[in-house]
Amino acid sequence: MTASDPPNAPEDQSLETDAGTDAGSDLGSDVGRVPERESSPGQLSMPGWLPPPQEVTGSSKGPQSKAERDRADGSGSASADQDEPVALAAVAVPLPLPEPLTYSVPAALRPWVMPGVRVRVRVGKRKLVGVVMELPAEAPEGVRLRPLEEVVDDDPVLSPELLELARFTADYYFAPPGEVIRALLPSDLPGGGERRLRLTDAGALALPSSEVESQVVELLRESSSLSISELRQRLPVPELGAVIEELIRRKRVAASGSAGLGGRMKTAYDLAPGELEAHIEGAGRSPQGRAVIRTLADLARPATAAELTGAVGCTTAVLRRLVKKGILRSFTQMERISLSRHRLGGEGRPDFELRPDQAKAVTAVEEALAERRYAPFLLQGMTGSGKTEVYLRAVEATLAQDRSSILLVPEIALVPALAGAVRQRFGDQLALLHSSLGASERRQEWQRIRAGDARVVLGPRSAILAPVRDLGLVVVDEEQDSAYKQDVTPRYHGRDLALVRARHSNAAVLLVSATPSLETRLNAQRQRFGSLTLTARAGHGALPDPILVDLKQEDVPRKPGEVILSIDLRQEIEATVGEGSQVILLRNRRGYSPVLLCRACGEDFRCDDCGLARTYHRKEHQLVCHYCGSAVPAPSVCPSCESDALDPIGTGTERLEEQFREMFPGVSVDVLDRDAVRRPGGAAAVLERFRAGGTQVLIGTQMVAKGHHFPNVALAGVLSADTYLGFPDFRAVERTYNLLVQLAGRAGRGDRPGRVVLQTYHPQHYAIQAALHHDDEAFATEELRFRRMFHYPPYTRLVQLLSRDTDRRRAHQRLRDLADAIYRHPLSQRVRITGPAPAAFEKLRGKWRFQLLLRGPSHKDLHQLLRDVLPEAQDSGLVVDVDPQDLM
């Protein structure tokens, strides 16, 4: 237990944060509670589920320690410094290693080595950049240390808070610490040690005040410029850093290329030390050369080549000649990137009063902020009830305290619309973090956040890792969405890390949803989360009228591959379009058809690497595997039997669009799916056309159901409400219900009443009925009963062990051996073990897949069991997924 846990507290069956509140994922549970490890009071436990290697041979197999560093430094072994303690640093490197590696710190580098800075180290024969996690007092026994080779940063790039979050993430999700650190930093972040220094005129003429300052000045006089790293190598003295900062402060040395700033590197020019008239005379008879010198003298600052050539009307050859003569000095500096498309001025808060239920919710958050305490809330309300306005008011209150906020959304496609609302309120305080930004843009936004210039961060799950200053509020919109769970290492859940980070920062958390996850519902029922409920729709909007269509009763021709548009749905579309309103249709399959089938021989063109039928994309005339992304040209005749009896079976968004245009000629229609996202303009362009009224009907996958506000939409239609019901995943019913409610919520948000048409083959299913009648309590009651009966989260904790290998037998045997070890462990008596068995998709991306599921009432038991039985050597074929969201 952590220091905050009450003594002798009973173990709960759901995950708690280390604040004592349940966190999520399967976390009905305690995502935030740290597994019991030896740690300092109040600190999250250190990562690492494998014992540190006992010996390092110089390869990349295991951690390096202090003695190895001494050996590389010429000292031979750790015993060489027995009279004086050796300074140590634990460094997380970007390799799948279970623990940070330990290095010794040379005396000259000790002033710069501190937790959170990046350093360059040798791992085997490679040089890698890692992050210092801590400064341990002792090295692992029997290990030879290597020294740190270089300090990359002047100051820590990761705060103590983010380092603690990294430790928790590595420990709880069984992730290599180096992989976690990689997720926290921009991939191309420049180092402070790369800042270049040059001597100013004042520095060239002033008398040095110390021997070290004299040596720095002399080195800079000999070179046009030097990086801080180069100076450290040439002048390895502990006081160098203080001397450099003092010279910069007194303007005797100028620094360019500030650490971590986003942008492109540009060549800049400045006058060399000396008299202006001497420089002009040195330029000779060249009028352009003299003009360049005078321009720089007038500017009294460095200028880029573009600035100088534009002002003078010369070529860069003139600049190069002046550099060669020693009149100019050239160096590189960072050019800031204009993000004007993301930087709109704020227009302030819309002028309207909150409803009493909204005002009550805002007041509760404001009280928690005023007390600077950790306070998790569930903000629940029907679609269109004004939840966004509540949390934007909470952001206002956070900024009023000079604290920062993080707003999380499940999909990048939801960022543009919400960004517009946030910009209206907060203008340049907003920063966006997501993978659709260019590398330089992302790096620059990261630095703006780190510097405190942006206090409101918006993005998908990775935005929870943003380096905000003084975090006060985290908002997780659509918190039930499985997209918050990352499916690659580190396999964290964004919602759960939001709770953990807020706990550590004494911040408030708003989990926002019309259909909360069962884990969050249970936490609210047990009063671990405050419950804030909105009971009415905003404005004049009302919940849409439901229309249920039993597809078994439809008397329509059923040719294979025909789009199923029932008579009722067609009539509703005609009426809605006729009255000038808009329509959203949900078909949760992209492409033209899921299968292209040869009716003569049964060939269905399966992917060689995945064993699953490829989806037919008619526009591109391709067969595409939606799991590995491989594509082949669609044939005109069957390659197996040479028959032309090829039929597309089933319906995707592309085919629905085609048939819709045939049924409703003249009605403008657009498609939003993953294929549309890849086209010019992406999802934002499709949504903007629809919002502006340029499109009457929007067809799409589940992307159309999440978080959009379209006041003119009067009809929402679900072509098949049964899409997920048959999936072999215990969350299939919950996902079906969430999707139906979210899609229905797009209709009736304006002044006109809305309707929702649900087409299904299972009209009596409790999830369909609950969505149809807006009966959230009925669904939650029935689904929680099912979960309790069959021991699924949120009443138990779940870990999936997935074995992947190109050899089927080897993939299976790996899990069989692991299962044997688990059964022999004493804690196995308290754990339900299912498998090993083939995964739902047994072969994906060329690898065979087997899974082993572990369920237990205590996350501590599961974590301890896994630490004891997992192999000491990292196995790339074994995936450990804690609190998995998808068992497919």
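Residues numbered from 1 in each chain as written. Predicted model: local features only at pLDDT ≥ 70, side-chain atom pairs only at ≥ 80, totals over all residues. Heavy atoms only, no water.

Asker: Could you give an account of the overall build of the protein chain, naming the residues involved and the relevant values?
Answerer: Regarding its fold elements, the protein chain presents 26 helices and 33 strands. Expressed as a percentage of the 888 residues in the protein chain, the buried residues total 57%. Of the roughly 36,900 Å² of accessible surface on the protein chain, a fraction of 49% belongs to carbon and sulfur atoms. (Helix = DSSP H or I, 4+ residues; strand = E, 2+ residues; numbered from the N terminus. Buried < 20%, exposed > 50% of the residue type's maximum accessible area, 1.4 Å probe, protein only. Areas by Shrake-Rupley, 256 points an atom, 1.4 Å probe, with all protein chains shown as cover.)

Asker: Now, about the sheet that holds strand E18 (residues 530-534): what can you tell me, with residues and values included?
Answerer: One open sheet accounts for 7 strands, arranged E14-E15-E13-E16-E17-E12-E18; its pairing is parallel. If you trace the sheet from one side to the other, it starts and ends with strand E14 (430-432) and E18, each paired once. Direction aside, neighbouring strands of the sheet carry axes that sit 20 degrees apart on average. Pairing of E14 with strand E15 (residues 456-459), which is carried by 3 bridges, proceeds in the parallel orientation. (Pairing = 2+ DSSP bridges. Axes fitted to C-alpha atoms, helices over the stretch in contact; angles between N-to-C directions.)

Asker: Would you mind going over the environment of Ser640 in detail, with residue names and values included?
Answerer: One can find Ser640 in the loop between strand E24 (631-633) and strand E25 (646-649). In the structure, Ser640 is positioned 38 residues away from Gly602 in sequence and 9.4 Å away in space, judged by C-alpha atoms. Beyond its immediate stretch of four places on either side in the chain, Ser640 contacts Cys601 and Glu603. A polar atom in the side chain of Ser640 sits 3.2 Å from the side chain of Glu603. (Contact = heavy atoms within 4.5 Å. Polar contact = N/O pair within 3.5 Å; in protein donor to acceptor, adjacent residues only side chain to side chain.)

Asker: Before we move on, can you summarise the nonpolar core with the specific residues and values?
Answerer: Ranked by internal contacts, the top residues of the largest apolar core, which has 70 residues, are Leu158, Ile181, Ile406, Ile464, Leu801, Ile822 and Leu854. In terms of residue count, the dominant contributor to this core is helix H2 (residues 160-172) (7 residues). (Core = buried A, V, L, I, M, F, W, Y, C linked by side-chain atoms within 4.5 Å.)

Asker: Please set out the pattern of salt bridges residue by residue, giving values where relevant.
Answerer: In total, this model carries 47 salt bridges according to the counting rule given. Of the charged contacts, one joins Glu396 and Arg425 as a salt bridge, the two residues approaching to 3.6 Å between their closest N and O atoms. Placement of Glu396 in helix H13 (residues 387-400) and of Arg425 in helix H14 (residues 415-426) is noted, with a sequence separation of 29 residues between them. Where salt bridges share partners, they join Glu213, Glu246, Arg250 and Arg252 into one cluster. (Salt bridge = Lys/Arg side-chain N within 4 Å of Asp/Glu carboxyl O.)

Asker: So what about the side chain of Arg731? Which residues, and what values?
Answerer: Considering the arrangement of structural elements, one finds Arg731 in the loop between strand E28 (713-718) and helix H22 (732-744). Among the polar contacts made by the side chain of Arg731, one reaches the side chain of Glu519 at a distance of 3.3 Å.

Asker: Give a detailed account of the sheet that holds strand E31 (residues 832-844), specifying residues and quantitative values.
Answerer: As summarised here, the arrangement of the 4 strands in space is E31-E32-E30-E33, forming an open sheet in which the pairing is antiparallel. Since the sheet does not close on itself, it has two edges, and those belong to E31 and strand E33 (878-882), each with one partner. Across the sheet, the axes of successive neighbouring strands diverge by a mean angle of 20 degrees, strand direction being ignored. With 7 bridges connecting them, E31 and strand E32 (residues 847-856) associate as antiparallel partners. Residue pairing across strands places Thr834 opposite Leu853, the latter belonging to E32.

Asker: An account of a negative patch on the surface is requested, with residue identities and associated values reported.
Answerer: Where like charges cluster on the molecular surface, the negative patch consists of Asp201, Glu275, Glu277 and Glu281. In this structure, Glu281 sits in helix H8 (residues 276-282). Residue Glu281 is classed as exposed on the basis of its relative accessible area of 66%. (Patch = residues over 30% accessible without salt bridge, like charges linked within 9 Å, V, L, I, M, F, W, Y side chains within 5 Å. Lys, Arg positive; Asp, Glu negative; His and termini not counted. Charge placed at Lys NZ, Arg CZ, Asp CG, Glu CD.)

Asker: Before we move on, can you summarise helix H21 (residues 682-691) with the specific residues and values?
Answerer: Among all positions in H21, only Gly682, Ala683, Val686, Leu687 and Phe690 are buried. Count one or two residues on from H21 and you reach Gly693, which has phi positive near 90 degrees.

Asker: Describe in detail the side chain of Lys387, supporting the description with residues and values.
Answerer: Mapping Lys387 onto the fold places it in helix H13. No salt bridge is formed by the buried Lys387; its nearest oppositely charged neighbour, Glu478, is found at 6.3 Å. Contacts of Lys387, omitting those with residues within four sequence positions, involve Leu379, Gln380, Gly381, Met382, Val512, Ser513, Ala514 and Leu534.

Asker: An account of the confidence of the model for the protein chain is needed here, citing residue identities and associated values.
Answerer: Averaged over every residue, the pLDDT of the protein chain is 81; the share at 70 or more is 84%. Ranking the elements of the protein chain by mean pLDDT puts helix H1 (residues 66-72) last with 38 and strand E13 (residues 404-408) first with 97. Under a pLDDT of 50 for its full length, residues 1-82 has, in the predicted model, 287 contacts with residues more than four places off or in other chains. Per-residue pLDDT stays below 50 along residues 258-263; that stretch engages in 26 contacts with residues further than four places along the chain or on separate chains. (pLDDT = per-residue confidence, 0-100.)

Asker: Account for the environment of Lys552, with residues named and values stated.
Answerer: Here Lys552 lies in the loop between strand E19 (545-550) and helix H18 (567-578). By relative accessible area, which is 46% here, Lys552 ends up partly exposed. Measuring from C-alpha to C-alpha, the distance between Lys552 and His762 comes to 8.8 Å, with 210 residues separating the pair along the chain. Sequence-distant contacts of Lys552, that is, excluding residues within four places in its chain, are made with Tyr761 and Pro763. At a separation of 2.9 Å, a polar atom in the side chain of Lys552 contacts the main-chain carbonyl oxygen of Tyr761.

Asker: Tell me about unusual backbone geometry, and name the residues and values.
Answerer: A negative phi holds for most residues other than glycine; trans holds for most peptide bonds. A cis amide bond links Thr489 to the next residue, Pro490, at an omega of -5 degrees. Topologically, Pro490 is positioned in the loop between strand E16 (471-477) and helix H16 (494-505). Of note in the backbone geometry, Phe605 takes a positive phi value of approximately 55 degrees without being a glycine. The exposure class assigned to Phe605 is buried, which follows from its relative accessible area of 10%. One non-glycine residue, His621, adopts positive backbone phi at about 55 degrees. Mapped onto the secondary structure, His621 falls in the loop between strand E22 (615-617) and strand E23 (622-624).

Asker: Residues and numbers for the packing of aromatic side chains, please.
Answerer: A full pass over the atoms with the stated rule returns 11 aromatic pairs. Relative to Tyr173, the ring of Tyr172 has its centre 4.9 Å away and its plane inclined at 80 degrees; by these criteria the two rings are edge-to-face. Per residue, the accessibility class of Tyr172 equals that of Tyr173, and both read buried. Following the ring pairs from residue to residue traces out a cluster consisting of Phe730, Phe786, Phe790 and Tyr792. (Phe/Tyr/Trp six-rings, centres within 6.5 Å; stacked < 30°, edge-to-face > 60°.)

Asker: Describe helix H11 (residues 316-324), and please don't skip the residues or the numbers.
Answerer: Among the residues making up H11, those that are buried are Val318, Leu319 and Leu322. Viewed along the axis of H11, the buried residues span an arc of 100 degrees, placing them on a single side of the element. Along H11, the residues that are exposed and aim more than 90 degrees away from the buried face are Arg320 and Lys324. One or two positions beyond H11, positive phi appears at Gly326, with a value near 85 degrees. (Arc of directions from axis to C-beta.)

Asker: For the environment of Ala139, give the residues involved together with the corresponding values.
Answerer: Mapped onto the fold, Ala139 is located in the loop between strand E4 (126-134) and strand E5 (150-151). Residues Ala139 and Ala90, spaced 49 residues apart in sequence, show a C-alpha to C-alpha distance of 9.2 Å.

Asker: How would you sum up the packing of helix H5 (residues 211-222) against helix H7 (residues 240-249)? Please name residues and give values.
Answerer: Where H5 meets H7, the closest approach of the two axes is 10 Å, and the angle between their N-to-C directions is 65 degrees. Between H5 and H7, the crossing angle belongs to the class labelled roughly perpendicular. Note that H5 runs across H7; the crossing there is right-handed. Contacts between H5 and H7 involve Val212, Glu213 and Val216 from the first element and Leu240, Val243 and Leu247 from the second. Residues that form the contact of H5 with H7 fall into these classes: 5 nonpolar, no polar and 1 charged. (Parallel < 35°, antiparallel > 145°, perpendicular 65-115°, else oblique. Left-handed = near helix turned anticlockwise from the far one by under 90°. Nonpolar A, V, L, I, M, F, W, Y, C, P; charged D, E, K, R; others polar.)

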